[in-house]
Amino acid sequence: MPVFIGLLRGVNVGGNHKLKMAELKALCESAGLTDVSTYLQSGNVVFRTRAARAAAAERVKTALRERTGLDVAVVLRTPAELRAVIDANPITGDPNPSRLLVAFLSEEPTAEAKALLERERVADEQLHFAGREIYSYYPEGAGTSRLANAMTDRKLKVTCTARNW
C-alpha cells in the first residue's frame, strides 16, 4: 500500500490554524488512512492508503474542514519523491538551514510564474526551479523578502506550501 507524506499549508504557523497533531492523526484515521503518524507541531502527516494521490489529499482536506473547520491546502509527496528533493538540493555553500526553504507545489509552475519570482529575487537570494519544487535561500531571512512573499497560490496559480530545511 502506497505511503504519502502530507504537507498541510499554514497549519501551526505563527499561531494560525492551530491543530494538535493527535487530532490530525485521529481525523486521518477516521478518513480511512492507515499507519498514520505526525511529527511535532509541523502540520506534516505520514500515512498509507490505496487511494490515488488526488483522492488521498482530498480525504485529508475534507476531514480537516468537516472536523475542525480548517480549510487548508494539502500537498502530497511519496517518500521517494521527498528523498529526491533532499538529494537534489542545489543551494551551494554552507547555508543556514532555517533560511533555506523548499516550496512544494501541486504542479509545476508556468513560465510566467517563474518569471514573476525571478523579478522579485534580489541579488543575494538564491532561487532554483525543479519540477514541482522551488528551492530558495534568503540570507537575510524570508520574513521581509519580496521573493518569499511572492510564493503564494494566487501568484503562482498552483497550490504551494513551503518547509525550511
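Summary of the structure given here. Since the model is a prediction, treat every value here as computed from it, not as a measurement.

Attention now goes to the sheet that holds strand E3 (residues 44-48). The sheet built from four strands is open, its strands ordered E2-E3-E1-E4 with antiparallel pairing. Where the open sheet ends on each side, the last strands, each with one partner, are strand E2 (34-38) and strand E4 (74-77). Across the sheet, the mean angle separating the axes of adjacent strands is 25° when strand polarity is ignored. Two strands pair when backbone bridges link them, and strand E1 (residues 3-8) and E3 are joined in this way by five bridges, in the antiparallel orientation. Pairing of Phe-4 across the sheet is with Phe-47, part of E3. Against the sheet, helix H2 (residues 53-68) touches E1, E3 and E4, its axis set at about 140° to E4.

This part takes up the pattern of salt bridges. Summed over the entire model, instances satisfying the criterion amount to eleven salt bridges. Here Asp-71 and Lys-61 are joined by a salt bridge, their closest N and O atoms 3.9 Å apart. Here the residue Asp-71 occupies a position in the loop between H2 and E4, and Lys-61 occupies one in helix H2, the gap between them amounting to ten residues. Between Arg-77 and Glu-133 there is a salt bridge, and its shortest N-O distance comes to 2.6 Å. With a gap of 56 residues between them, Arg-77 in strand E4 and Glu-133 in strand E7 (residues 133-137) connect regions that are remote in the sequence. With relative accessibility at 1%, the residue Arg-77 sits in the buried group.

Turning our attention to the environment of Leu-105. With respect to the secondary-structure elements, Leu-105 resides in strand E5 (residues 100-105). Leu-105 gets classed as buried once you look at its relative accessible area, which sits at 0%. Considered as a pair, Leu-105 and His-17 are 88 residues apart in the sequence and their alpha carbons are 20 Å apart. Every residue in contact with Leu-105, bar those within four places of it in the chain, is listed here: Val-75, Arg-77, Arg-132, Ile-134, Leu-156, Val-158, Thr-159 and Cys-160.

What counts, and where the lines are drawn
Residues numbered from 1 in each chain as written. Predicted model: local features only at pLDDT ≥ 70, side-chain atom pairs only at ≥ 80, totals over all residues. Heavy atoms only, no water. Pairing = 2+ DSSP bridges. Helix = DSSP H or I, 4+ residues; strand = E, 2+ residues; numbered from the N terminus. Axes fitted to C-alpha atoms, helices over the stretch in contact; angles between N-to-C directions. Contact = heavy atoms within 4.5 Å. Salt bridge = Lys/Arg side-chain N within 4 Å of Asp/Glu carboxyl O. Buried < 20%, exposed > 50% of the residue type's maximum accessible area, 1.4 Å probe, protein only.

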